[in-house]
Number of protein chains: 2
Amino acid sequence: TIGDELLIGQVLDTNFNWLAKQLAGLGINVVEKRTIRDTQEAIKLTLEETWKKTDLLIFTGGLGPTKDDVTKSAIADFFGVKLVRNQEVLEHVKAIFASINKPFLEVNAYQADLPANVIPLKNELGTAPGMLIQDGRFSLISMPGVPYEMEKIFEDNLHLINVNSDSNVFQRTILTSGIGESALMKIIEKKEKEIEDDRVNLSYLPSYGTARLRLTTYSGNKILNSRINEHVEDLIKLIGKFYVVDEDLSLEEYVYLSLKKNGFTLSVAESCTGGYLSSLITSIPGSSAVFRGGIVPYSNDIKINEVSVDESNVNDFGAVSQQVVEQLASGVREKFDSTYGIGISGIAGPGGGTKEKPVGTVWIAIAGKERVESKLFHFSKNRSVNIKRTAYAALNMLRIFADFS
Amino acid sequence: TIGDELLIGQVLDTNFNWLAKQLAGLGINVVEKRTIRDTQEAIKLTLEETWKKTDLLIFTGGLGPTKDDVTKSAIADFFGVKLVRNQEVLEHVKAIFASINKPFLEVNAYQADLPANVIPLKNELGTAPGMLIQDGRFSLISMPGVPYEMEKIFEDNLHLINVNSDSNVFQRTILTSGIGESALMKIIEKKEKEIEDDRVNLSYLPSYGTARLRLTTYSGNKILNSRINEHVEDLIKLIGKFYVVDEDLSLEEYVYLSLKKNGFTLSVAESCTGGYLSSLITSIPGSSAVFRGGIVPYSNDIKINEVSVDESNVNDFGAVSQQVVEQLASGVREKFDSTYGIGISGIAGPGGGTKEKPVGTVWIAIAGKERVESKLFHFSKNRSVNIKRTAYAALNMLRIFADFS
């Protein structure tokens, strides 16, 4: 991924993460990723160090219309070719400007100037084309850095990626939730030894309040693959109540699919998470089938007036209390007419902590038609961590509370 | 950053982004970033290729208690030293387990085994210590991959980072919003030439609906620095209504600070963004001073019953219409008693589009005490892009609508 904006931290690199998922799905083993400056020198040095050392090299970024984008000239220099104006690309760029009723500027024609050894990859959603260079079994793909343009180009041109993908990869993933890494490891300690003895790779992939266990073999041996399936069954038994699912799903995807399958709906009243939990759920396409809606009662009077929390509870026990979150959960469930309601109130930090309720103190409640359950958590001192861990803890509580079949 | 989970895309690398920001703030020029596998081979190869080629090399990840964490042994091998149990670190690990009332497992003692040439860096929030190796002006820092642990270790040990930072860097940043990259470039075309002639680096850093212009010089020349200040003034005039602020702030930070400075408050009724806008605002520490609350009326009946939208408007014009978003904005403003209200309704996709209202169609309204303004947008076909661009477009509309001083 190319760009000074990545190296100074002004932009978070999400392109690589997306590509990594796609490549893993195709059985392509990603061995290294670099983020480099958008200078001719840095791009050429990277080409020198990596070209033909792997089957596939992918660049993203550095293909925009602005003058600090130098990828094309660096590629042309490296391969000793000139930039040549491509008429087909030029027509496409003009058509794009026409379709959005914007004037075609002369500077935009530069998008059609490509290194002479390149096969252009059509960019349906933008003006900078992708580029493919092939030399025997080695491929270089260069795509613009705008995420949705890059994704579309990649998906549209998959058939051109002529790599010897490692089709022998066999992988199983187990999602766990509500247990720390050390405790999880202790539970499966003996099993882990057996798995190692089979020369199967076992990885722990922890994230906010969830962890994945991933078993991988590259052997292509069918007997070993069925051994992995046995190991997975054994692991699931050992992990017990912390086991969520044996598919490569996020916790929010699992909860969404389970609600949908059972015809259940959900609503959320979240204070300290400030909309993050609703946003997690609604990031999933089709979530409107299960998600009725949410409320972010950031101020106490909104908790009282909009979600039926008793003023006396706020006064007597504080906004971060069992009494208040239980009323938030039941209140939003009734008002929004859903199968389940989630109530959240806590101190995300960095301010607002007291001796009794330090930063990281969070109450979460789940309400169903007949009962309410609540739990107190102590997370960290970090606002962003607390928001994320709270949202995942709430999803995990719902998973355990709900009658999913 | 070390870890197979990053290379297969199961985890998004946010550690590097955080570190990049810190290093840029310290005037340290980051020249390259790599993500590598958590194997001895990959870690040692990276050490061979990079150690002593820059002043500072930072590793994160690969220091947990689990067996797939091999960073320590790779470092020990590379420097030709043994792992030695450090008593001070061991006591700290035991104290951490005691403080959370969890049993100390023998496997956790492994956290205290460090390469013999390492200075341990205390990890206040976890059991895996950071490590520092210094050799003349060259430093290697290795930290665990858990973000908040890594951040705390880095912040606590800044004084140990003995690098020749480039204190001559002079940088100004301009935040723009509501204008595309090509159009922005066209506006400042002549000025850009002048800036280039001064040998000042000008970068465009576009993100969802906003773009930063960054002017940088490494000369240390005071006259040139004051020329940059003049260029910034000229650019601000050229950019006009698309200019937001000449500080390195995000749009949400700018809006938060402006609301706070003026004693204004905000509430939000957001349908297709599903809580993302509320979540953006509440990610800012102290946002409770300006953010009254939000509602995510994902279902039409919730729009009608909870935010005073007329059922006839939903029936006659649809949920994605000027009439409905204006009532969402006014309704939430009144109900939540805030200076401004934002209403959002759109089709995020991938489903739900029609010929009249294709995926990417979004209406946004801003309500104040005396007037309401609304605007129709056509974004992309990508759900995640549409959610983000909508949230930033709403913040930009509020910026223009509000009486900020």
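Residue numbering note: each chain is counted from 1, following its sequence as written. The lettering of chains begins at A and the numbering of ligands begins at 1, in the order of writing. Selection of residues for local features in this predicted model requires a pLDDT of at least 70, selection of side-chain atom pairs for listing and counting requires 80 or more, and totals for whole chains, interfaces and linings are taken over all residues. Side-chain numbers come from the whole structure's heavy atoms, not from hydrogens or water.

A. A look at the overall build of chain A. A count of helical and extended segments in chain A gives 15 helices and 16 strands. Seen along its three principal axes, the alpha-carbon backbone of chain A occupies a region of about 75 × 60 × 40 Å. Two residues form a contact once any of their heavy atoms are found within 4.5 Å. Nonlocal contacts in chain A, meaning residues at least 24 apart in sequence, comprise 66% of its contacts between residues at least 6 apart. Note on areas: Shrake-Rupley with a 1.4 Å probe; residue coverage comes only from the protein chains shown. When the accessible surface of chain A is summed, it comes to about 17000 Å², and 49% of that surface belongs to carbon and sulfur atoms. In this tally, Asp and Glu contribute negative charge and Lys and Arg positive charge; neither His nor the terminal groups of the chain are included. Taken as the charge centre is NZ of Lys, CZ of Arg, CG of Asp or CD of Glu, depending on the residue. Taken together, the 44 basic and 51 acidic charged side chains of chain A have centroids lying 2 Å from each other. Secondary structure is summarised from DSSP: a helix means a run of H or I of at least four residues, a strand means a run of E of at least two, and numbering begins at the N terminus for each.

B. Region of the structure containing the packing of aromatic side chains. In this scheme Phe, Tyr and Trp rings, the latter by its six-membered ring, pair at centre separations within 6.5 Å, and the angle between planes marks the pair as stacked below 30 degrees, edge-to-face above 60, and tilted otherwise. In total, this model carries 22 aromatic pairs over all chains according to the counting rule given. Seen in terms of ring centroids, Phe264(A) and Tyr340(A) are 5.4 Å apart; in terms of plane orientation they differ by 90°. Their pairing is edge-to-face. With Phe264(A) in the loop between helix H10 (251-262) and strand E12 (266-270) and Tyr340(A) in strand E14 (residues 340-346), this residue pair connects regions lying 76 residues apart in the sequence. An identical accessibility class is assigned to Phe264(A) and Tyr340(A); each is buried. With centroids separated by 5.7 Å and ring planes inclined at 85°, the aromatic side chains of Trp18(B) and Phe154(B) adopt a geometry described as edge-to-face. Highlighted residues: Trp18(B) in helix H2 (residues 15-25) and Phe154(B) in helix H6 (residues 147-156), separated in sequence by 136 residues. An identical accessibility class is assigned to Trp18(B) and Phe154(B); each is buried. Of the aromatic side chains, those joined through ring pairs into one cluster are Tyr254(A), Phe264(A), Tyr340(A), Phe401(A) and Phe404(A). By definition, being over a ring means that NZ of Lys or CZ of Arg is both within 6 Å of the ring centre and within 35 degrees of the ring normal. Positioned above the aromatic ring of Phe104(B), the side-chain terminus of Lys94(B) is 5.5 Å from the ring centre. Type-normalised accessible area, obtained with a 1.4 Å probe on protein chains alone, sets the label of each residue: buried when under 20%, exposed when over 50%, and partly exposed for intermediate values.

C. Region of the structure containing the sheet that holds strand E2 (residues 56-60) of chain A. All names here are of chain A. Strands sit in the order E2-E7-E6-E5 across an open sheet of four strands; the sheet is mixed. In this open sheet, the two strands that pair with only one neighbour each are E2 and strand E5 (119-121). Neighbour-to-neighbour, the strand axes of this sheet turn through a mean angle of 20°, independent of strand direction. Where E5 and strand E6 (residues 130-135) come together, three bridges link them in antiparallel fashion. Following DSSP output, two strands are said to pair if at least two bridges run between them. The convention used is that axes are lines fitted to C-alpha atoms, helices contributing only their stretch in contact, and that angles between N-to-C directions extend from 0 to 180 degrees.

D. Just the nonpolar core, in detail. Formed by 45 residues in total, the largest nonpolar core has its most connected members in Leu277(A), Ile342(A) and Ile364(A). Broken down by secondary-structure element, the contributors of at least two residues to this core are strand E11 (243-245), H10, E12, helix H11 (276-282), E14, strand E15 (361-367) and helix H15 (383-401) of chain A. Looking at which element gives the most residues to this core, the answer is H15(A), with 10 residues. What Ile364(A) contacts, discounting residues up to four positions off in sequence, is Val325(A), Ile342(A), Gly343(A), Ile344(A), Glu373(A), Ser374(A), Lys375(A), Phe377(A), Thr390(A), Ala393(A), Ala394(A) and Met397(A). Each nonpolar core is a collection of buried residues, namely Ala, Val, Leu, Ile, Met, Phe, Trp, Tyr and Cys, held together in the definition by side-chain atoms within 4.5 Å. Core analysis: the next-biggest nonpolar cluster, separate from the first, contains 42 residues, Leu277(B), Phe291(B), Ile366(B) and Leu395(B) among them.

E. Fine view of the pattern of salt bridges. Between Lys or Arg on one side and Asp or Glu on the other, a salt bridge is scored when a side-chain nitrogen of the former is within 4 Å of a carboxyl oxygen of the latter. Using the criterion set out here, one finds 42 salt bridges over all chains in the structure. One salt bridge in this structure joins Arg85(A) and Asp113(A), with 2.7 Å as the shortest N-O distance. With Arg85(A) in strand E3 (residues 83-85) and Asp113(A) in strand E4 (residues 113-115), this pair connects stretches of sequence that are 28 residues apart. Classification of Arg85(A) as partly exposed rests on a relative accessible area of 39%. Look at Asp113(A) and you get buried, because its relative accessible area is 13%. Taken together, the shared-partner salt bridges connect Glu32(A), Arg34(A), Glu49(A), Glu32(B), Arg34(B) and Glu49(B) into one network.

F. Fine view of the relation of the copies chain B and chain A. With an RMSD of 0.1 Å, the operation that places chain B on chain A is a rotation of 180° combined with a shift of 0.0 Å along the axis. Taken together, the turn and the small shift mark the pair as related by a two-fold rotation axis. Of the interface residues in chain B, 99% have counterparts in chain A that sit at the interface too, so the contact is made through matching surfaces. Our superposition of the copies is a least-squares fit, built on the C-alpha atoms of residues whose pLDDT is at least 70 in both.

G. Local environment of the interface of chain B and chain A. The interface of chain B with chain A comprises 84 residues on the first partner and 86 residues on the second. Summed over both partners, the interface of chain B with chain A buries about 7100 Å², with 55% contributed by carbon and sulfur atoms. Think of a polar contact as two N or O atoms within 3.5 Å of one another; within protein, one of them needs to be a possible hydrogen donor and the other a possible acceptor, and neighboring residues in sequence only count if both atoms come from side chains. Summed over the shared surface of chain B and chain A, the number is 28 residue pairs in polar contact (both at pLDDT 80 or more). Taken together, the residues of the side of chain B that touches chain A break down into 35 nonpolar, 24 polar and 25 charged. Relative to strand E1 (residues 32-36) of chain B, strand E1 (residues 32-36) of chain A is paired through five bridges, and the arrangement is antiparallel. Bridging from a neighbouring strand, Ile36(A) pairs with Glu32(B) of E1(B). By buried area we mean the combined loss of accessible area, with a 1.4 Å probe, across both parts when two parts are placed together. Throughout, the ten residues Ala, Val, Leu, Ile, Met, Phe, Trp, Tyr, Cys and Pro are labelled nonpolar, Asp, Glu, Lys and Arg are labelled charged, and all others, Gly among them, are labelled polar.

H. How the structure looks around the environment of Val169(B). Relative to the assigned elements, Val169(B) resides in the loop between H6 and strand E8 (170-177). Residue contacts for Val169(B): discarding those within four places in its chain leaves Gly27(B), Thr216(B), Thr217(B) and Tyr218(B).

No statement about biological role is implied by the geometric values presented.
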